[in-house]
Amino acid sequence: IQNGITGGGLMTIYFGDGSSQTSAAAGKFNKITTMTSSSTGYRNGSETHFTAYNMNVVPYSSSSRIIVHVQLWGSCGSGWYGVGFRLKRNGNLINNAASGNRPGVHGGAGEPHGGSIECYNFMVVDHPNTTNTVQYQLYGGNYDSDGELYLARSQDDANNNEHLRYSTSMVAYDVFPG
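Attention in this report is confined to the structure presented alongside it. (Residues numbered from 1 in each chain as written. Predicted model: local features only at pLDDT ≥ 70, side-chain atom pairs only at ≥ 80, totals over all residues. Heavy atoms only, no water.)

### Here's the deal with the overall build of the chain
Now for step 1: Secondary structure summary: the chain contains zero helices and 12 strands in total.
Now for step 2: The helix and strand sequence of the chain, counted from the amino end, reads β-β-β-β-β-β-β-β-β-β-β-β.
Now for step 3: Pairs at least 24 apart in sequence give 79% of the contacts found in the chain among residues at least 6 apart.
Now for step 4: Carbon and sulfur atoms provide 45% of the accessible area of the chain, an area that totals close to 9,600 Å². (Helix = DSSP H or I, 4+ residues; strand = E, 2+ residues; numbered from the N terminus. Contact = heavy atoms within 4.5 Å. Areas by Shrake-Rupley, 256 points an atom, 1.4 Å probe, with all protein chains shown as cover.)

### Quick notes on the nonpolar core
Now for step 1: One finds Val68, Phe85 and Tyr136 to be the most contacted residues of the largest nonpolar core, which totals 27 residues.
Now for step 2: At the level of elements, strand S4 (55-57), strand S5 (65-76), strand S6 (83-89), strand S9 (118-126), strand S10 (134-142), strand S11 (148-151) and strand S12 (168-175) are the ones that each hand at least two residues to this core.
Now for step 3: With five residues, S5 is the single largest residue contributor to this core. (Core = buried A, V, L, I, M, F, W, Y, C linked by side-chain atoms within 4.5 Å. Buried < 20%, exposed > 50% of the residue type's maximum accessible area, 1.4 Å probe, protein only.)

### Things to note about the pattern of salt bridges
Now for step 1: If you walk through the whole model with that rule in mind, you get five salt bridges.
Now for step 2: Residue arginine 86 pairs with glutamate 47 through a salt bridge whose shortest N-O separation is 3.3 Å. Highlighted residues: arginine 86 in strand S6 and glutamate 47 in the loop between strand S2 (41-44) and strand S3 (48-49), separated in sequence by 39 residues.
Now for step 3: Overall, arginine 86 belongs to the buried group, its relative accessible area being 13%.
Now for step 4: On the basis of relative accessibility, which here comes to 24%, the residue glutamate 47 falls in the partly exposed class.
Now for step 5: Put simply, arginine 153 and aspartate 157 hold a salt bridge, and the shortest N to O gap is 3.7 Å.
Now for step 6: Overall, arginine 153 belongs to the buried group, its relative accessible area being 16%.
Now for step 7: One salt-bridge network, held together by shared partners, links Glu47, Arg86 and Lys88. (Salt bridge = Lys/Arg side-chain N within 4 Å of Asp/Glu carboxyl O.)

### Some details on unusual backbone geometry
Now for step 1: A positive phi angle, near 50°, is found at asparagine 90, a position not held by glycine.
Now for step 2: As for its position among the elements, asparagine 90 is in the loop between S6 and strand S7 (92-93).

### Details of the packing of aromatic side chains
Now for step 1: The full count for this structure, using the stated rule, is five aromatic pairs.
Now for step 2: With a centroid separation of 5.0 Å and 45° between ring planes, the pair formed by tyrosine 42 and tyrosine 150 is classed as tilted. You can see tyrosine 42 sitting in strand S2 and its partner tyrosine 150 sitting in strand S11, a full 108 residues away along the chain.
Now for step 3: Assessed through its relative accessible area of 39%, tyrosine 42 is described here as partly exposed.
Now for step 4: Between phenylalanine 50 and tyrosine 53, the ring centres sit 6.3 Å apart and the planes meet at 55°, which makes this aromatic pair tilted.
Now for step 5: For tyrosine 53, a relative accessible area of 1% puts it in the buried group.
Now for step 6: Sitting over the ring of tyrosine 139, lysine 88 keeps its end group 4.0 Å from the ring centre. (Phe/Tyr/Trp six-rings, centres within 6.5 Å; stacked < 30°, edge-to-face > 60°. Lys NZ or Arg CZ within 6 Å of the ring centre and 35° of its normal.)

Taken by themselves, the reported measurements are silent on function.
Here's what the structure looks like:
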């Protein structure tokens with residue numbers, strides 16, 4: 001027994017159809033692309049493109065689905081209603097959930113302001129239908145056009161150990177459709 005496994009080999013996971021994680025045709029990760037940034041961002045007012053958080057992805061196949069997970073930290077000013085984030089591909093909104101006069105967003109921001117900060121997480125599933133490079137872009141702002149949004153920092157952002165800085169990460173999982 002080596003590494004807790006009889007025979008010293010790696011464990012293989014088998015699915016109901018007899019395929020394994022290395023031979024399954026559907027749901028298999030083709031590749032993973034990552035982006036991490038320590039840049040901060042600020043927006044007072046309507047939507048803006050936070051260019052420091054762009055991520056280029058080359059789909060493995062025109063049939064690929066790209067699952068993009070975004071994790072960032074941020075804070076809002078006192079006018080926090082209508083604050084949110086959108087992920088766009090090459091400047092075009094993906095999976096727009098708008099309804100009536102309500103803008104569609106992929107992630108929302110809450111009430112923390114001053115020295116407070118919160119984590120924003122969201123996922124978007126995209127089908128770019130190409131094998132050419134696509135760029136995923138983070139947009140955010142106050143969709144009711146008032147208030148402030150701070151990324152990777154608090155509103156106060158004093159230069160001391162009570163006001164921290166945060167990294168922002170995006171991960172794109174390229175998968176075959178199931």
